Amino acid sequence: MSLTVLADSSTLIGLSKIGQLPLLSGLFKQVTIPSAVYNEVVIKSRPDSKGIKKAEFLKVENVKDEVAVELLLGSFGRGEAEVLTLAREKRADIVLIDEKKARKAARRAGFTVVGILGVLIMAKEKNLIQSVKPFIEELCKQGFRLSKRVIENVLREIGEINIEE
């Protein structure tokens, strides 16, 4: 059974910055992104977008319900608004999104929400990576904002935190 997975830009950019974008293809056969997310990460020529542009497992789709997108623009950026709308249209199984407000909205709408740390945990569980901690450290070095409390909770949950830390 193939899962319908949609992604917002932050997860793609974060994984790309730490050289781990291919984890998504190892976890999911295909990841769909709305055109606004593609424009945000590829067309606006971010330095970390080369891998995203070449990723064959990423599928770009247009949102059909533009009215829903317009309604969401009062609370979200275009990328998040299109992810939430397209997730509803495609009846997504998983939405990859990191922005707090958008995560909350996606959960309220009944979607399973996974952020970049969740992707790393899944990759470890499937033996695609040995450890999550070095990637969290690299994300922080690259300017990806993660609260210390969230990092500690994740590392404790997966058994990668030492008591003295």
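To start, this report covers the structure provided alongside it. Since this is a predicted model, take the numbers as computed values, not measurements.

Quick word on the overall build of the protein
And step 1. Counting its regular elements, the protein contains 10 helices and 5 strands.
And step 2. Rg of the C-alpha trace for the protein: 16 Å, near the compact-globule value of 15 Å for 165 residues, within the 12% margin.
And step 3. Counting only residues that meet the buried cut, the protein has 47% of its 165 residues in that class.
And step 4. Once local pairs closer than 6 in sequence are excluded, the contacts in the protein between residues at least 24 apart make up 63%.
And step 5. Here the protein has roughly 9,200 Å² of accessible surface; of this, 49% comes from carbon and sulfur atoms.
And step 6. Charge-centre separation for the protein: the mean point of 27 positive side chains lies 1 Å from the mean point of 22 negative side chains.

Some words on helix α6 (residues 78-90)
And step 1. A rise of 1.5 Å per residue sets the reference length of α6, with its 13 residues, at 18 Å; its end C-alpha atoms lie 18 Å apart and thus fit the reference within 8%.
And step 2. If you check which residues of α6 are buried, you get G79, E80, A81, E82, V83, L84, T85, L86 and A87.

Considerations on the nonpolar core
And step 1. With 57 residues, the main nonpolar core has L12, L24, V31, L96 and L120 as its most contacted residues.
And step 2. A total of 6 residues in this core trace back to one element, the largest contributor, which is helix α8 (residues 116-125).

Considering the packing of aromatic side chains
And step 1. Taken as a whole, this structure holds 0 aromatic pairs when the rule is applied.
And step 2. Across the ring face of F76, the terminal group of K101 is positioned such that the distance to the ring centre comes to 5.7 Å.

As for the pattern of salt bridges
And step 1. All chains considered together, the criterion is met by 8 salt bridges.
And step 2. A salt bridge links E61 to K59, with the nearest nitrogen and oxygen atoms 3.0 Å apart.
And step 3. Residue K59 is classed as partly exposed on the basis of its relative accessible area of 35%.
And step 4. A salt bridge links E82 to R78; the shortest N-O distance between them is 3.5 Å. One end of the pair is E82 and the other is R78, both in helix α6 and 4 residues apart, which spans about a single turn.

As for the environment of D98
And step 1. Structurally, the position occupied by D98 is in the loop between β4 (94-96) and α7 (100-108).
And step 2. Linking D98 and G118, residues 20 residues apart in sequence, is a C-alpha distance of 9.9 Å.
And step 3. When near neighbours in sequence (up to four residues on either side) are disregarded, D98 contacts S10, T11, R103, G115, I116 and F144.
And step 4. Among the polar contacts made by the side chain of D98, one reaches the side chain of T11 at a distance of 2.7 Å.
And step 5. A polar side-chain atom of D98 sits 2.9 Å from the main-chain amide nitrogen of I116.

Remarks on a positive patch on the surface
And step 1. Taken together, the side chains of K100, K104, R108 and R149 make up a positively charged region of the molecular surface.
And step 2. Examining the composition of the positive patch, we find that 3 residues originate from one element, α7, more than from any other.
And step 3. Relative to the helices and strands, R149 resides in helix α10 (residues 148-157).
And step 4. Given a relative accessible area of 59%, R149 falls into the exposed group.

Some details on the layout of surface pockets
Think of a ball as big as a water molecule: rolled over the atoms, this probe shows where empty space is left.
And step 1. Computed from the structure, the largest pocket encloses a volume of approximately 750 Å³.
And step 2. Taken together, 25 residues line the largest pocket, and the ones lying closest to its centre are D98, E99, F144, R145 and L146.
And step 3. Every element with two or more residues in the lining of the largest pocket is listed here: α1 (9-17), α7, β5 (112-114), α8 and α10.
And step 4. The dominant element in the lining of the largest pocket, judged by the number of residues it contributes, is α7, at 4 residues.
And step 5. Within the lining of the largest pocket, the residues separate by chemical class into 9 nonpolar, 6 polar and 10 charged.

What counts and how
- Residues numbered from 1 in each chain as written.
- Predicted model: local features only at pLDDT ≥ 70, side-chain atom pairs only at ≥ 80, totals over all residues.
- Heavy atoms only, no water.
- Helix = DSSP H or I, 4+ residues; strand = E, 2+ residues; numbered from the N terminus.
- Rg over C-alpha atoms; globule rule 2.2 N^0.38 Å.
- Buried < 20%, exposed > 50% of the residue type's maximum accessible area, 1.4 Å probe, protein only.
- Contact = heavy atoms within 4.5 Å.
- Areas by Shrake-Rupley, 256 points an atom, 1.4 Å probe, with all protein chains shown as cover.
- Lys, Arg positive; Asp, Glu negative; His and termini not counted.
- Charge placed at Lys NZ, Arg CZ, Asp CG, Glu CD.
- Expected span 1.5 Å × (residues − 1).
- Core = buried A, V, L, I, M, F, W, Y, C linked by side-chain atoms within 4.5 Å.
- Phe/Tyr/Trp six-rings, centres within 6.5 Å; stacked < 30°, edge-to-face > 60°.
- Lys NZ or Arg CZ within 6 Å of the ring centre and 35° of its normal.
- Salt bridge = Lys/Arg side-chain N within 4 Å of Asp/Glu carboxyl O.
- Polar contact = N/O pair within 3.5 Å; in protein donor to acceptor, adjacent residues only side chain to side chain.
- Patch = residues over 30% accessible without salt bridge, like charges linked within 9 Å, V, L, I, M, F, W, Y side chains within 5 Å.
- 1 Å grid on protein atoms, 1.4 Å probe; cavity = no way out; pocket = protein on both sides within 12 Å on 5 of 7 lines; lining within 4 Å.
- Points joined across faces, edges and corners; volume = space filled by probe spheres on them.
- Nonpolar A, V, L, I, M, F, W, Y, C, P; charged D, E, K, R; others polar.

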